[in-house]
Amino acid sequence: MKQFIISQLLKADLVEIDRQLEETGFKDMSSMLLVKQVFLTIANVVDFELTVRPLYKENRELSTEYKKASKEYEFAKYLRNKFIGHVKHELTEKAIEWKPELRYLLKRTDERDMMFMFNLFILETAINTYVNADGSHKVFESETDLIYPPDLKRFLVYITFVVKSAIKYLTKLGEALGKNVEMLDPSEQKFEHWLAAGEADFEFIKNSYNNPNAHRPPKDYLLDV
């Protein structure tokens, strides 16, 4: 049941992000926050996918669906980690080097439109750091300058692909998970569930990702992913 609920929460986030970006486009701080939420949600999809791989043994189409965008998902997780998940001084330093105009805009940081540009410059810097050991770019074929219309379009095509691919994957995943979940009738509620709720004790939730094997299924389940 918990996996089914998680899959639906992730899907709902992406569906709403998709709706809002289609309505407003990518042009201001509100849309920048939506893009940041894309990175956050897709990173959670990547982590969550590890926990559902046992399903692939009987539902190989799930593995195939995920693999269609797995490289792009990993890129989104990288951007979550470097651009929004943590304060990265190295990223800001590189952005100042890459975009020297930042030095001349410091008096305008109270302006929303200007801070959209600050975010844009740091985002494109993060994109440009996603490289192989030889310096070649892992996803895009060249450096990204989001002020340059073709590069901006390439990035937005990527965002659209990632969001819609993940929605499709989570839809199929929810269907597979739902087959093993008892969907109770709201008109036939059981008092025992409310008794259990009344006895619930809350404890601090520890970060299970401190254990690298906490979410890794047996190797037999790692089919073509």
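Asker: With reference to specific residues and values, describe the packing of helix H2 (residues 29-52) against helix H4 (residues 70-84).
Answerer: At their nearest, the axes of H2 and H4 sit 8 Å apart, and the two run at 120° to each other. Compared by their axis directions, H2 and H4 come out oblique. Considering only the axes of H2 and H4, their crossing is left-handed. Contacts between H2 and H4 pair Met32, Lys36, Phe39, Leu40, Ile42, Ala43, Asn44, Val46 and Asp47 from the former with Tyr73, Glu74, Ala76, Lys77, Leu79, Arg80, Phe83 and Ile84 from the latter. Its residues placed into classes, the contact of H2 with H4 shows 11 nonpolar, 1 polar and 5 charged.

Asker: Tell me about the nonpolar core, and name the residues and values.
Answerer: Most often, soluble globular proteins have nonpolar side chains that are buried together. Counting 57 residues, the largest nonpolar core has Phe39, Ile42, Tyr73, Phe155, Ile159, Tyr169 and Leu173 as the members making the most contacts within it. Of the residues forming this core, the biggest block, 12 residues, is contributed by helix H7 (residues 149-178). Here Ile42 is in contact with Leu14, Tyr73, Ala76, Val162 and Ala166, once residues within four sequence places are set aside.

Asker: So, the pattern of salt bridges: which residues are in play, and what are the values?
Answerer: Following the criterion strictly, the structure yields 14 salt bridges and no others. The residue Asp47 makes a salt bridge to Lys77 at a minimum N-O spacing of 2.6 Å. Linking Asp47 in helix H2 with Lys77 in helix H4, this pair joins segments that are 30 residues apart in sequence. Residues Asp47 and Lys77 agree in their burial class; the two are buried. Its salt-bridge partner being Arg154, residue Glu141 comes within 3.5 Å of it at the nearest N-O pair. Taken as a pair, Glu141 in the loop between helix H6 (112-128) and H7 and Arg154 in helix H7 lie far apart in primary sequence, 13 residues in all.

Reading the values: rules and limits
- Residues numbered from 1 in each chain as written.
- Predicted model: local features only at pLDDT ≥ 70, side-chain atom pairs only at ≥ 80, totals over all residues.
- Heavy atoms only, no water.
- Axes fitted to C-alpha atoms, helices over the stretch in contact; angles between N-to-C directions.
- Helix = DSSP H or I, 4+ residues; strand = E, 2+ residues; numbered from the N terminus.
- Parallel < 35°, antiparallel > 145°, perpendicular 65-115°, else oblique.
- Left-handed = near helix turned anticlockwise from the far one by under 90°.
- Contact = heavy atoms within 4.5 Å.
- Nonpolar A, V, L, I, M, F, W, Y, C, P; charged D, E, K, R; others polar.
- Core = buried A, V, L, I, M, F, W, Y, C linked by side-chain atoms within 4.5 Å.
- Buried < 20%, exposed > 50% of the residue type's maximum accessible area, 1.4 Å probe, protein only.
- Salt bridge = Lys/Arg side-chain N within 4 Å of Asp/Glu carboxyl O.

Keep in mind these numbers describe shape, not what the thing actually does.
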